[in-house]
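Structural features, examined
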Amino acid sequence: MTGYANHSFWLETAGEDLNPRPALERSAEVDVAVLGAGYSGLWTAYYLLRERPGLRVAVVEKEIAGFGASGRNGGWCSPKFPVTPGVLEQRYGAEATRSLLVAMYDTVGEVCRVCEEESIDAHFHKGGALSLARGAHQLPAIQGARATYERLGLQDRNQLLSAEETREHVKVTDVFGALYTPESASVHPGRLVRGLARAIERRGGTIYEQTEVVSFEGGDAPRLVTRAGELRAKQAIALAGEGYLSRLPQLHRAIMPVYSLIVLAEPLSDAQWSAIGWQNRESISSQKFTVDYLTRTADGRILFGSRGAPYVFGSKITNEQDRHEPTHARARRAVVEWFPSLEGVRFTHAWGGPLGMPRDWMPAVAFDPPSRIGTARGYTGQGVATTNLAGRVLANLILGKQTGLETLPLAQRRSRDWEPEPLRWLAVRYMQNAFARIDEAAEKGQTPPMDAPIAEFLGKH
Ligand SMILES: Cc1cc2nc3c(=O)[nH]c(=O)nc-3n(C[C@H](O)[C@H](O)[C@H](O)COP(=O)(O)OP(=O)(O)OC[C@H]3O[C@@H](n4cnc5c(N)ncnc54)[C@H](O)[C@@H]3O)c2cc1C
C-alpha cells in the first residue's frame, strides 16, 4: 500500500492498494476536462457520462482520487446544507429554501441508489442524525431551527426530541434535547470516492492521477494546463478542487481552506456499546460554534471531528497541517466528556484535511457558456451529499439540460472574494478565537463575551 493510506483511516481501509493511476504525459483533447478527483469532480463526470455515453470526459487529479476532503471526512451523508435553513430563508425566501432542502433529502437517496446500481460498497447506512442541545444554553438553537422547519412545512423531517427521548437513541452527558432528522445517512467516505472513480472508468471516463493543473484558460479553446501538457476541452472545463483551488492564482481569494480534524477510537466492545446506546449509528453533533461531529463507524468505532486548527496566513495548505495536536487532544478529551464510561479508551488514528469555505458560506455551482468554464465548490464542511447535487447541477448546466435543479439557489451564482491578506488572516483568526471564547463561556455557564453578537453576525455572512 502507498503512503496515501496514511492520510486517513478511510483511505487505509478503502479496500485498495491506492497505487496511482497513470499521469497525463502529453497534451490531449477531450469533450469535458475536470480538475479534481474528489466527490465534486467525480459526480460531475459520472452524471455527464450517464447522460451522454460516449462523451470524452477526463478528470485530472494532483494526487489520487479521494486524496482531498472526500477521502478524509466524517462520513455524514446528510441532507444538512452548509447554510442554515434560517439564513437561507432570509436570503432566498421560503419557497426557494424549501425546494433546496427537499432536493437535499432526495440527494441522500440518490447517493444510496447510485451505490447500489454501481455496486459501490460504501457502507451506506440511513441511521438518521441527532443535533443535540448539550447544556440548556444550546436549546434555543435547536428550537429556532425547528421553528424554521415548521414554517417551511418540513417539521416531520426534523423532529424535536426531549432529553429522555434523546437518551433512547444515545446516552451522552448534559443532553437537554435534540433535533432528529431520520433521512440522514453515514458512509465510508474512502470506499465511496474510490468506488465512484471506478464507476466512471467503467463508463468510459479517464482519470489522470499525480497530475497537477497549474492554470486554466476559458474561451474558444478551454483547457487545463499541466506541466506535462494541456488537456484541451471541446465543450467545457470544470473546476472542482474545493479548498485547494485557492492555490491557483486565478482563484486564490475565491475560496479559503479551513482545516477540520478527526480522532478515531479503537473498536468498542458490545458491553461498551450497550452502556452508550447509539444502536442505529446516527450522525451526532452539538451546537458548538467550534463544531463537533460524531460517527459510529460500521466496524464499531467512535469518530470525533472538530474544527479549531488555526488558519495559516496566505491560505496555506500543507500535509503538516493535517495534524494539530492541541485540537486532536481536545477531541480525545471530548469523547470521554461525552461518554464517561469510555475513560481509558485507546485512539488509533488522527488526521485532518482542508475543506473549502466561500466568503458567504454558500456553495456555488456555475457554468459560464462564453468562457465554457464550470465550477462546483464551497461546501464549508457539508459536502458529502451536497457534492452529489452539485455534480448533477453542473452536468445539466454543461449539457444544457433542464430538470429544475439548475434553478436552485446554489446554481449559477458566485460568492464574493475573500479579503486580501493580511486582512483575511486577521479576520479569520479573530473569528476562530471568538468562537472558541463563546463556547468556553457557555460551557462554564458564564455570560457570552461582549463581542459575541458581532462574531455570530459575521459567522453567518
Ligand atoms: C476532516 C473533514 C471532515 C468532513 N466531514 C464531513 C462530513 O462528515 N459530512 C459532510 O457532508 N462533509 C464533510 N466534510 C466536507 C466534505 O468532505 C467536502 O465538502 C467534500 O469532500 C468536497 O469534495 P470536493 O470533491 O469538492 O473536494 P475534495 O475532496 O477536497 O477534492 C478536491 C480534489 O482536487 C484535487 N486538486 C485540487 N487542486 C488541484 C490541481 N490544481 N490540480 C489537480 N488536482 C487538484 C485535490 O487533490 C483533491 O483530490 C469534511 C471535510 C473534512 C476536511
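Below or above, wherever it landed, is the structure these notes cover. These numbers come from a predicted model, not from an experiment.

A look at the overall build of the chain
- On a plain count of helices and strands, the chain comes out with twelve helices and 18 strands.
- Relative to its length of 461 residues, the chain is compact, with a C-alpha radius of gyration of 21 Å against a globular reference of 23 Å.
- Residues classed as buried in the chain amount to 58% of the 461 residues present.
- Within the chain, residue pairs in contact and separated by at least 24 positions form 76% of the contacts whose partners lie at least 6 positions apart.
- On the chain, roughly 18400 Å² of surface is accessible, and the fraction owed to carbon and sulfur atoms is 51%.

Some details on the environment of Leu-408
- Structurally, the position occupied by Leu-408 is in the loop between α10 (386-399) and α11 (423-443).
- With relative accessibility at 7%, the residue Leu-408 sits in the buried group.
- For the pair Leu-408 and Thr-97, spaced 311 residues apart in sequence, the C-alpha to C-alpha distance is 8.4 Å.
- Apart from the residues lying within four places of it in its own chain, the contact partners of Leu-408 are Ser-99, Leu-100, Ala-103 and Leu-389.

Considerations on empty space enclosed by the protein
- As enumerated under the stated definition, the model contains three cavities of 30 Å³ or more in all.
- Pro-257, Val-258, Tyr-259, Ala-309, Pro-310, Tyr-311, Val-312, Ser-315, Lys-316, Gln-321, Val-428 and Gln-432 are the residues that line the largest cavity.
- Of all elements in the fold, only β12 (256-265) and α11 reach the threshold of two or more residues within the lining of the largest cavity.
- In terms of residue class, the lining of the largest cavity is made up of eight nonpolar, three polar and one charged.

Notes on the layout of surface pockets
- If you add up the space inside the second largest pocket, you get close to 270 Å³.
- Lining of the second largest pocket is provided by 18 residues; of these, Leu-251, Ile-373, Thr-375, Arg-377 and Arg-414 occupy positions nearest its centre.
- A breakdown of the residues in the lining of the second largest pocket according to their chemical character gives eight nonpolar, four polar and six charged.

Concerning the sheet that holds strand β15 (residues 302-306)
- In space, the eight strands of this open sheet follow the order β5-β6-β4-β13-β14-β15-β12-β16, with mixed pairing throughout. Single-partner strands in this sheet number two, and they are β5 (159-162) and β16 (347-357). For this sheet, the mean angle separating the axes of adjacent strands, direction not counted, is 20°.
- Taken together, the two bridges between strand β13 (residues 283-285) and strand β14 (residues 292-296) define a ladder with antiparallel strand orientation. Residue pairing for β14: Ser-285 is matched across the bridge by Tyr-293.
- Against the sheet, helix α5 (residues 139-151) touches β4 (129-134), β5 and β6 (175-181), its axis set at about 30° to β6.
- Strands in contact with helix α9 (residues 325-338) are β4, β12, β13, β14, β15 and β16; relative to β12, the strand with the most contacts, it is inclined by about 50°.

Quick word on the site of the ligand
- Close contacts around the ligand come from 34 residues, with Ser-40, Glu-61, Ser-70, Val-213 and Val-384 the closest.
- One nitrogen or oxygen atom from the side chain of Glu-61 is found 2.6 Å from an oxygen atom belonging to the ligand.
- Val-384 has a polar backbone atom sitting 2.8 Å from an oxygen atom of the ligand.
- Elements represented by at least two residues in the shell around the ligand include exactly α2 (39-51) and β12.
- Classifying every residue of the shell around the ligand gives 13 nonpolar, 16 polar and five charged.

Thoughts on the nonpolar core
- One finds Leu-42, Trp-43, Phe-81, Leu-192 and Leu-389 to be the most contacted residues of the largest nonpolar core, which totals 68 residues.
- For this core, the element with the most residues is helix α4 (residues 94-117), which contributes nine residues.
- Among residues more than four places away in sequence, those in contact with Leu-192 are Tyr-39, Trp-43, Val-111, Cys-115, Ile-120, Ala-122, Val-187 and Val-384.
- Within the second largest apolar cluster, 26 residues are counted, among which are Val-172, Trp-278, Val-335 and Ala-350.

Some details on the packing of aromatic side chains
- All told, the structure shown has ten aromatic pairs when counted by the stated rule.
- Judged by centre distance (5.2 Å) and plane angle (85°), the ring pair of Tyr-46 and Tyr-47 falls under edge-to-face. For the pair Tyr-46 and Tyr-47, a shared accessibility class is recorded, and that class is buried.
- Each member of the aromatic cluster is reached from another via a ring pair, and the members are Trp-273, Trp-278, Phe-304, Trp-338 and Phe-339.
- Over the aromatic face of Trp-418 sits the side chain of Arg-359, whose NZ or CZ is 5.4 Å from the ring centroid.

Considerations on the pattern of salt bridges
- Using the criterion set out here, one finds 34 salt bridges in the structure.
- Arg-332 is the partner of Glu-325 in a salt bridge, and the nearest nitrogen-oxygen pair spans 3.0 Å.
- You can call Glu-325 partly exposed: its relative accessible area is 47%.
- The partly exposed category is assigned to Arg-332, whose relative accessible area is 24%.

Observations regarding the side chain of Thr-295
- Mapped onto the elements, Thr-295 comes out in strand β14.
- Engagement of the side chain of Thr-295 in a polar contact is seen with the backbone oxygen of Gly-74, the distance being 2.7 Å.

Definitions and limits used
- Residues numbered from 1 in each chain as written.
- Predicted model: local features only at pLDDT ≥ 70, side-chain atom pairs only at ≥ 80, totals over all residues.
- Heavy atoms only, no water.
- Helix = DSSP H or I, 4+ residues; strand = E, 2+ residues; numbered from the N terminus.
- Rg over C-alpha atoms; globule rule 2.2 N^0.38 Å.
- Buried < 20%, exposed > 50% of the residue type's maximum accessible area, 1.4 Å probe, protein only.
- Contact = heavy atoms within 4.5 Å.
- Areas by Shrake-Rupley, 256 points an atom, 1.4 Å probe, with all protein chains shown as cover.
- 1 Å grid on protein atoms, 1.4 Å probe; cavity = no way out; pocket = protein on both sides within 12 Å on 5 of 7 lines; lining within 4 Å.
- Points joined across faces, edges and corners; volume = space filled by probe spheres on them.
- Nonpolar A, V, L, I, M, F, W, Y, C, P; charged D, E, K, R; others polar.
- Pairing = 2+ DSSP bridges.
- Axes fitted to C-alpha atoms, helices over the stretch in contact; angles between N-to-C directions.
- Near = heavy atom within 4 Å.
- Polar contact = N/O pair within 3.5 Å; in protein donor to acceptor, adjacent residues only side chain to side chain.
- Core = buried A, V, L, I, M, F, W, Y, C linked by side-chain atoms within 4.5 Å.
- Phe/Tyr/Trp six-rings, centres within 6.5 Å; stacked < 30°, edge-to-face > 60°.
- Lys NZ or Arg CZ within 6 Å of the ring centre and 35° of its normal.
- Salt bridge = Lys/Arg side-chain N within 4 Å of Asp/Glu carboxyl O.

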